[in-house]
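Here's the letter readout for the chains.
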Amino acid sequence: MVDPATARPRPLSPHIQIYRPQLTSVLSIGYRITGVVMTLYLVGLVVWLIAAASGPPAYSALVAVLSSWVGQALLFAGTFAFFWHLCGGIRHLAWDTGRGFELRSIYISGWLVVGSTTALTLFTWIFIWFYKG
């Protein structure tokens, strides 16, 4: 029988404080978070539709809230979440075909998700800014 006092301690799993997140884990967690965020923004869409159906006073009040800097920041975050989830979903659709599972391809497609999300969000907001005049 082994004496517990002389037995070597078993190694512990890496703890979150010493674990360095990888691109794949950050994208996976981000994909799930943006799914939840998109669900919350769906509630906002329903509120917007109810305000539009309720008449000009309710709609004007909602537009005033959305035009504030807080409202604009929330809309920007929602746009980013939408494009993150869209680009991640396209990546998953490509994986469903059985392609892109090599480590190099995984990192290339991961950085494409990050870059395309950023580019699409900025393009959308620049377009909105020019369209509003």
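That block above? That's the structure.
Please read all numbers here as calculations on a predicted model, not as lab measurements.

1. So, the packing of helix H1 (residues 23–54) against helix H3 (residues 69–96)
Here is step 1: At a minimum axis distance of 8 Å, the contact between H1 and H3 shows a crossing angle of 125°. Classed by the angle they form, the pair H1 and H3 counts as oblique. Considering the relative orientation of H1 and H3, their crossing is left-handed. Contacts between H1 and H3 involve Val26, Leu27, Gly30, Tyr31, Thr34, Gly35, Val37, Met38 and Tyr41 on the former and, on the latter, Leu74, Leu75, Ala77, Gly78, Ala81, Phe82, Trp84, His85, Gly88, Gly89, Arg91 and His92.
Here is step 2: Residue composition of the contact of H1 with H3, by class: 12 nonpolar, 8 polar and 1 charged.

2. Considering a nonpolar patch on the surface
Here is step 1: A surface patch of nonpolar side chains, amounting to about 510 Å² of accessible area, comprises Leu42, Leu45, Trp48, Leu49, Tyr59 and Val63.
Here is step 2: At the level of secondary structure, the elements contributing two or more residues to the nonpolar patch comprise H1 and helix H2 (56–67).
Here is step 3: Looking at the nonpolar patch, the element that brings in the most residues is H1, giving 4 residues.
Here is step 4: Secondary-structure assignment places Leu42 in helix H1.

3. Brief notes about the nonpolar core
Here is step 1: In terms of nonpolar packing, the biggest core is built from 5 residues, these being Leu23, Leu27, Trp84, Cys87 and Val113.
Here is step 2: Taken together, the elements giving at least two residues each to this core come down to H1 and H3.
Here is step 3: When residues no more than four places from it in sequence are discounted, the contact partners of Cys87 are Val113, Ser116, Thr117 and Leu120.

Calculation criteria
Residues numbered from 1 in each chain as written. Predicted model: local features only at pLDDT ≥ 70, side-chain atom pairs only at ≥ 80, totals over all residues. Heavy atoms only, no water. Axes fitted to C-alpha atoms, helices over the stretch in contact; angles between N-to-C directions. Helix = DSSP H or I, 4+ residues; strand = E, 2+ residues; numbered from the N terminus. Parallel < 35°, antiparallel > 145°, perpendicular 65-115°, else oblique. Left-handed = near helix turned anticlockwise from the far one by under 90°. Contact = heavy atoms within 4.5 Å. Nonpolar A, V, L, I, M, F, W, Y, C, P; charged D, E, K, R; others polar. Patch = residues over 30% accessible without salt bridge, like charges linked within 9 Å, V, L, I, M, F, W, Y side chains within 5 Å. Areas by Shrake-Rupley, 256 points an atom, 1.4 Å probe, with all protein chains shown as cover. Salt bridge = Lys/Arg side-chain N within 4 Å of Asp/Glu carboxyl O. Core = buried A, V, L, I, M, F, W, Y, C linked by side-chain atoms within 4.5 Å. Buried < 20%, exposed > 50% of the residue type's maximum accessible area, 1.4 Å probe, protein only.

Don't take any of this as a statement about function, it's just geometry.
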